[in-house]
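# Understanding the architecture of this molecule
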Amino acid sequence: MSSIRVVSFVLECPFCGVREVADFAFGGEITPRPRATPSLRELSEYNYFRRNVAGVQREWWYHRSGCRSWFQAERDTRTNEIRRVGLPGEL
Amino acid sequence: MARLPPQPAERIEREREISFTFDGRVVRAFEGDTIGSALFAAGRRTFSRSFKYHRRRGLLCCSGSCPNCLVAVDGAPGARACTEPARDGISVKHLNATPSLELDVMSLTDAVGGPFTPPGFYYRTFMRPRRLWPLYEWVLRHAAGLGRLERSRSERAWRTEYRRRHADVLVVGGGHAGLAAAIAAAELGADVVLADEGREPGGRLLWEGGHELARALAERARAAGVEVLRSAPALAHFDGLVPVWQGDTLHQVRARLHVYATGAIEQPLVFERNDLPGVMLSGGARRLAALYALRPGERAVIATTCDRGLAAALALQEAGVEIAAVADARGAPSAAVAELEARGIETLQGWTVTAAHGRRAVTRATLAPLASAGARAAEASGRTLECDLIVVSGGDAPASALVAQAGARAAYDGASGQFVLAELPRGVFAAGELAGDGAPERVAASGELAGLEAAAALDASLADVSRERMSLLREQLASAHEPAPAGAAPAARAHDELPAPAHDELPAPNGARAFVCYCEDVTAKDIGRGVREGYDSIELCKRFTTVTMGPCQGRMCQRSSVGLIARETGQELDAVGTPTARPPWAAVPLGVLAGRPIEPAKRSSIHGRHRELGARVQWAGDWRRAYDYGDPEGEALAVHASAGLIDVSTLGKLLVRGPDAGEFLDRLYTNRISTLKPGRVRYGVLTSDAGRIIDDGTIGRLDEATFYVTTTSSGAGAVEQWFSWWLADWGLGVHLSDVTQALAAVNLAGPRSRAILSRLTDLDCAPEAFTYLDARQGRVAGVGALLLRIGFVGELGYEIHFPAAYGEHVWDAILAAGEPEEIRPFGLEPQRILRLQKQHILVGQDTDSESTPLGAALGWAVKLDKDEDFIGKWALAHTAEHPAPSALVGFTLPDGFVPTEGAVVLDGSGAVAGQVTSARRSRQLGCVIGMAWVPAALAGDGASVTIADNGTRVSASVVTEPFHDPAGELLRS
């Protein structure tokens, strides 16, 4: 019985499966760490600026009350719909 | 009062008598009674005093909707007597009346205060003079509120459990439609949960003659596998999560589809003194008679705007109530009127009730034709009848709050005079009265259709199975409806054939005692005043008058307040709209939402010994720790003089293994870890990429590929999370194991610790064989252990890590071996004194989220010259070039005054320039020592800083070196 996607807030841990959002810790949107020494402005943007999009965003999640693994998810911030989940590099 | 002869649907079990007390007096009841029905049977008519004017209030809705019967049960205020089951031996008390319900001194506000306490009264009156505010506040705090929480109630008195329930379909509301929907979906194989607030599912069927059908449907639902939650109100709809409160369980129901069949709420009428005990909604009067075999009154006047009132007249007459007259506000007689007349009940068509009379309860009612405008005309043309019961029915308002939270939109439907559902979000279905399909001939079809549609949405193959059935049901519903207005699908309709009178056709209630809102004592006049003051939108008027904001959450007042605002502003109802429906929909104790703490209290494996040794145990984060053993200063002195033993099992412990382990730790710590030789230990600081301190601890290298990392006690979880996050990002060849709870650890410290340890281990403990910052693996008291020679407390010491199962064994062995040296166990508090003497910082105590290692005197642990990048390097490089304005230093004070942690440091001009983070008296040093953030200019040895602590000012001198053993000779000895 699965043909419709419900606007809801459960996440699928790549290791454990579908769980309530309260099982997880949010790691924020994915902000790639600068590869070389950044300018002060680049460093400040990396540390403090977030895009905060109204739409699909890639973000970190940690299965705190489960396998304690980090993974990444694509989530629509307007609906909390999870599009995809995967380990780093998989999305 | 005698009960009626046995009623077919009655809920009471007459052979099972119980009793409870109300305000100390014994009340007899039957099993199955509610507190309210038992009190009513005992003759009580006043159930509460109103919020503001302390007016008498009696049973009104008998369904848990209105605020009129709020009582305290066994000390917990806020229970509704009309739905709260009567249980043997409980103690029920009234709320909001002093000294008693019958004699309430605060009812003076009703007699004299009314004109002086319009909405906004408090905000305006108690502004001036300012200095009197504390007095005003004291008075208002005592006058406001309903009931008192018992101070002695322990925090764990609420044993609420969370339960997570994932389902295919959640049906909210277990009336006829809800049951039909649940059955239809479940019989097609869906996993269905049905939540109903009633004691048994069935809704209206239970008291309107359909109780047998209700019980048969409930049985069929259970047989189909529906999980039926009884006495379980749904509280809200949050993005698909519906919390359902049932006794001591909070079900967090996560369904893929939702069917709302929450029914409708019967609305009262607004007329002068419409709150007198004896004014009752038709549903309430019928429930008393049908479920509890009680006669709600001897002689009733009925005022209605719909067929419900007419049906109630018939039902009440059968229960032996004399019907004085029925005032039907509609212009033309409905089909039911003929039956009333056949039974000899007089019906006044186009009439309504304009006033109730009586001192303690209703004794008379004034009826008048709608056409007569104004109170005087009504009096002239109206009739006043003797009665002790006024049964009112102002029509039904769909209970749309939850479905609105789910995203449904309501629109005003002029034809029915109601706000109806105009648009439902995907995956949400409405059935029954909520959808305008409450009429007996439609309700079952409406429910079944919703259930089938939900199942079809779950699985396309189920849509095929039930396609024919669904189209049949749709036809059935459509033929019963008038054609729907274009664009409003699925539009709902009132189920009476005759339209109810519009909001502006009823006489304008202009008295000062015509209540719109029973919860907060808001009258029709108050609404008018609010609008005239400019609060002319529903949301503003709501905030100004507090209408719809009380315990009933708009159940009783939403529609009449919208109608009155429309009338005052000359707008259409549609333009006024409805206020936003906010959670929680049902009153719920906060303790239920809080649940019970599910974080386990952590105890070290040696905890039992600490208890036996008389430890004072305190919380330290999640841990229960031995704070001291009764003599913190003496315990600290023992460590200096001979030896002490402390349980440090709470330290976070991580094993970091793999070919890239060294590189991994190099990237995380501010100093070099990969250069550490096997068998050696190094201190390390973790910072964020903003250069702020996250945690600190020691890293021991066990072999080429294995590091043993300790963290602070409170930081263990965060550090593991931090490590695994970067590991996931970098993908290095490293494996992390959190062994925090697998291993116990003790710190054996003091000048005689070497001698004591030597008796327990085969390791060579000679100073040159086991030097400072060595890590050795060996046996201690026969147990395989890792020994780290580190000195957090500032004396020669060994931190011994070993399997937690041997905790008490190793602890006992060390204490026994140290007996000749008079070894003493020491707790957390003496450890804090000892570490402060060394100016060893405690992350989170001496640092905050803005502290960098450079400011916190840990610059020696930051290797900006290391080639490899590390987390925080860039920010720390910037900080090194732009030194922070303040620094963490030690200070001393003459023995005596110990400043509070958090006391402020003042600069030369007397401005706040820092704060004290730690301070203790040190018997070893004979003075008071501490650490504080001070301006950089004052961060040098010998500088003098002023500490201000609650009016006390002291001058402290700065010391940047450790107070005790500054050269570290004792550590290395």
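Here's a quick rundown of the structure. (Residues numbered from 1 in each chain as written. Chains lettered and ligands numbered in written order. Predicted model: local features only at pLDDT ≥ 70, side-chain atom pairs only at ≥ 80, totals over all residues.)

### Points about the packing of helix α7 (residues 282-292) of chain B against helix α8 (residues 307-318) of chain B
All names here are of chain B. One way to put it is that α7 packs onto α8 with a least axis distance of 9 Å and a crossing angle of 25 degrees. As far as their axial angle goes, α8 and α7 are roughly parallel. When the axes of α7 and α8 are compared, the crossing they make is left-handed. Taken together, the residues of α8 that come into contact with α7 (itself represented by Ser 282, Ala 285, Arg 286 and Ala 289) are Arg 308, Gly 309, Ala 312, Ala 315 and Leu 316. In terms of residue class, the contact of α7 with α8 is made up of five nonpolar, two polar and two charged. (Axes fitted to C-alpha atoms, helices over the stretch in contact; angles between N-to-C directions. Helix = DSSP H or I, 4+ residues; strand = E, 2+ residues; numbered from the N terminus. Parallel < 35°, antiparallel > 145°, perpendicular 65-115°, else oblique. Left-handed = near helix turned anticlockwise from the far one by under 90°. Contact = placed C-beta atoms within 7 Å. Nonpolar A, V, L, I, M, F, W, Y, C, P; charged D, E, K, R; others polar.)

### A look at the interface of chain A and chain B
Contacts between the two partners involve 21 residues from chain A, matched on the other side by 23 residues from chain B. Sorting elements by how many residues they give to the side of chain A that touches chain B places helix α1 (residues 40-48) of chain A first, with four residues. Class assignment for the residues of the side of chain A that touches chain B results in 13 nonpolar, six polar and two charged.

### Quick notes on unusual backbone geometry
The peptide bond linking B:Thr98 to B:Pro99 adopts the cis configuration, its omega dihedral lying at 0 degrees. Its location among the elements puts B:Pro99 in the loop between β7 (91-94) and α2 (108-113). Here B:Pro583 and B:Pro584 are connected by a cis peptide whose omega angle stands at -5 degrees. Although it is not a glycine, A:Asn52 sits at a positive phi angle of roughly 55 degrees. Relative to the elements of secondary structure, A:Asn52 occurs in the loop between α1 and β4 (56-62).

### So, the pairing of strand β11 (residues 241-246) of chain B
Residues and elements named next belong to chain B. Judged from the six bridges that link them, β11 and strand β12 (residues 249-260) form a sheet pairing that is antiparallel. Among the inter-strand pairings, Val 244 is bridged to a residue of β12, identified as His 251. What sits between the antiparallel neighbours β11 and β12 is a turn of two residues, in which Gly 247 has the positive phi angle 60 degrees. (Pairing = 2+ DSSP bridges.)

### Here we look at the sheet that holds strand β32 (residues 652-657) of chain B
Residues and elements named next belong to chain B. The antiparallel open sheet is built from five strands, whose spatial order is β33-β34-β35-β32-β36. Every other strand in the sheet has two partners, leaving β33 (681-687) and β36 (735-738) as the edge strands with one partner each. Across the sheet, the mean angle from the axis of one strand to that of its neighbour is 25 degrees, orientation sign disregarded. One ladder, built from six bridges, connects β32 with strand β35 (residues 706-711); its direction is antiparallel. Each bridged residue has a counterpart across the sheet, and for Leu 655 the counterpart in β35 is Tyr 708. Contacts between helix α22 (residues 661-668) and the sheet are confined to β32, β33, β34 (693-703) and β35, with β32 contributing the most and set at about 130 degrees to the helix. Contacting β32, β33, β34, β35 and β36, helix α23 (residues 716-730) runs over the sheet at an angle of about 165 degrees to β36.

### Digging into the nonpolar core
All names here are of chain B. Within the largest apolar cluster, 180 residues are counted, with the highest numbers of intra-cluster contacts made by Val 169, Ala 181, Ala 182, Ala 185, Val 192, Val 301 and Ile 390. The element that contributes the greatest number of residues to this core is helix α12 (residues 440-458), accounting for eleven residues. Contact partners of Ala 182, with chain neighbours within four places excluded, come to Val 171, Val 192, Leu 194, Ala 221, Val 226 and Gly 451. Within the second largest apolar cluster, 100 residues are counted, among which are Leu 668, Tyr 806, Val 810 and Val 905. (Core = buried A, V, L, I, M, F, W, Y, C linked by C-beta atoms within 7 Å. Buried ≥ 20, exposed ≤ 12 C-beta atoms within 10 Å, placed from the backbone.)

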